[in-house]
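# An overview of the molecular structure
Here is how the chains run, residue by residue.
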Amino acid sequence: MELLGLVILVLVAGSMLFLLTLVGRRSWIAYEARRRDAAVAALRPAAIELIEDVADPPALRGVDAEVFAELLGGYSLVVRGASRERIAAYFESTGAVDEQLALLRSRRAWRRATAAFTLGDMGSPRAVPALLGALDDKRRAVRAAAARSLGRIGSDDAIEPLITAGVERRIPRDVVSLALFDIGTPAVPRLLELTRDDEPLVRAASVELVGYLGNAGDSGPLPAMLRDTSADVRAAAAGSLGRLGASTARDALIDALDDRVPSVRVAASRALGQIGGRRALDGLLRVAQADEHEPAAAAARAAARIDPALVVHAAGRADAGPYLREAADLVEL
Amino acid sequence: MTDGGVDRPQPVVLAADDDEDILELVAFRLERSGYTVLRAKDGEEALRLALEAKPDLAVLDVMMPKLDGYELTRRLRAEDATSRMPIILLTARAQDADVQAGFDAGADDYLRKPFSPQELRARVQAILGRR
């Protein structure tokens, strides 16, 4: 009985200690959060003054220095130009960039990934060579973080390595695309060069990105790519011509309606629907009536986009086919 | 500000963004440029301030709680007091469809994030300078 009582006492004492630890920890976390919020509010004006080149940054240590760095890292995501350069210069001056570059060589993958990510927020172009090297890291998280940061820094040198890493599936294509979107229109000239690469997947990825980042003036080389040996390239070129609104490519896209690969005919139809022009209607109606499912449906929708009334009329014919009728029904909705 | 020797009040700009860091950066830049800035942290607060104070221009984030920038723009355009107020949308939503949605809602200009605070000031000055 005494032993049982002792066991119960120990269990009760242990439970109380556990509860007190939880409550204490929670209180400490709440206190730290309030302290950080107060530090953010106090340091935000100094961060803004640095970004706006109004005042030198304050000398900070400890938690304040961490909070200030986080603030600037957050601002580096939403500003560009001279403001962003001042943020990068600050991180250089405090040795933070060197610190992260050293961590990028750590044996621990999580440190390398964190460092790769942080270097993007710091925005220092000096980190680019090391980040390019990190695209070949043995850990996927490190490679993805490096890709994201190369996009954030906006280095032209990163364009081809990013495309190659995406094609080789070392980095998810979405991550590569987002990084190139971050680089933005300055990437277009290099992407246009890569549309002549020997590797079809590189050509396809590059021409697709030109469609997102470029404008109609960049579409010059693309119609010729509708005759590429690779169907992926032809389809990507058609898609980009549509997104760029390249009306000068209309005839080439009409020819692409006869491509032997269905995905190319689909892409050409969609592009013609985006570009418009009655000259495309004969070809689109022909595909809509006679082709297999996906190209026919795409052609019917494209024709309806250009001339809804014509599609409604054509759908009334006996040989219209199900896709024209479906497109006509959608028009009438 | 003076104009021909007569004191004119500073132009009033309404800035609305649920991200306090961005809101304070925008306000700082515009206040340094000589504007009085009203701050709002969500769409409803922005609408209330706009109808009360009738600012000379509004800089609105698109992705805000309670009332997003597009809907806020539509409502401002629907009110006589604010129907002609210039509106600049500031947002990370950068697709052409998003830009078009902004103009369809009635915005006068659209600035994508990441943005240059100097460019924002220049656009505000350009719009207010025409009026």
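Residues numbered from 1 in each chain as written. Chains lettered and ligands numbered in written order. Predicted model: local features only at pLDDT ≥ 70, side-chain atom pairs only at ≥ 80, totals over all residues. Heavy atoms only, no water.

### Things to note about the overall build of chain A
A count of helical and extended segments in chain A gives 18 helices and zero strands. A globule of 333 residues ought to have a C-alpha radius of gyration of about 20 Å, yet chain A, at 29 Å, is considerably larger. Overall, the C-alpha framework of chain A stretches about 95 × 65 × 40 Å when taken along its three principal axes. Counting all 333 residues of chain A, 47% fall into the buried class. A sequence separation of at least 24 residues applies to 63% of the contacts in chain A between residues at least 6 apart. For chain A, the accessible surface area stands at approximately 17,300 Å², while carbon and sulfur atoms represent 55% of it. Charge separation in chain A, taken as the distance between the mean sites of 42 positive and 44 negative side-chain charges, equals 4 Å. (Helix = DSSP H or I, 4+ residues; strand = E, 2+ residues; numbered from the N terminus. Rg over C-alpha atoms; globule rule 2.2 N^0.38 Å. Buried < 20%, exposed > 50% of the residue type's maximum accessible area, 1.4 Å probe, protein only. Contact = heavy atoms within 4.5 Å. Areas by Shrake-Rupley, 256 points an atom, 1.4 Å probe, with all protein chains shown as cover. Lys, Arg positive; Asp, Glu negative; His and termini not counted. Charge placed at Lys NZ, Arg CZ, Asp CG, Glu CD.)

### A short note on the environment of B:Gly102
Residue and element names in this part refer to chain B. Tracing the chain through its elements places Gly102 in helix α4 (residues 96–105). Of the residues examined, Gly102 reaches a relative accessible area of 0% and is grouped as buried. In sequence terms Gly102 and Thr73 are 29 residues apart; their C-alpha atoms lie 8.2 Å from each other. The residues contacting Gly102, other than those within four sequence positions of it, are Tyr70, Leu89, Ala107 and Tyr110.

### So, the domain arrangement of chain A
Residues and elements named next belong to chain A. One can read the domain layout of chain A as domain 1 (184–276) and domain 2 (288–333). A C-alpha centroid distance of 25 Å is found between domain 1 and domain 2. Contact residues are listed per partner, giving nine residues for domain 1 and nine residues for domain 2. Carbon and sulfur atoms supply 63% of the area buried between domain 1 and domain 2, which totals about 700 Å² over both sides. Inspection of the domain 1/domain 2 interface yields two salt bridges. The shortest N-O distance in the salt bridge between Arg265 and Glu292 comes to 3.5 Å. (Domains from an automatic or database assignment. Buried area = accessible area lost by both parts, 1.4 Å probe. Salt bridge = Lys/Arg side-chain N within 4 Å of Asp/Glu carboxyl O.)

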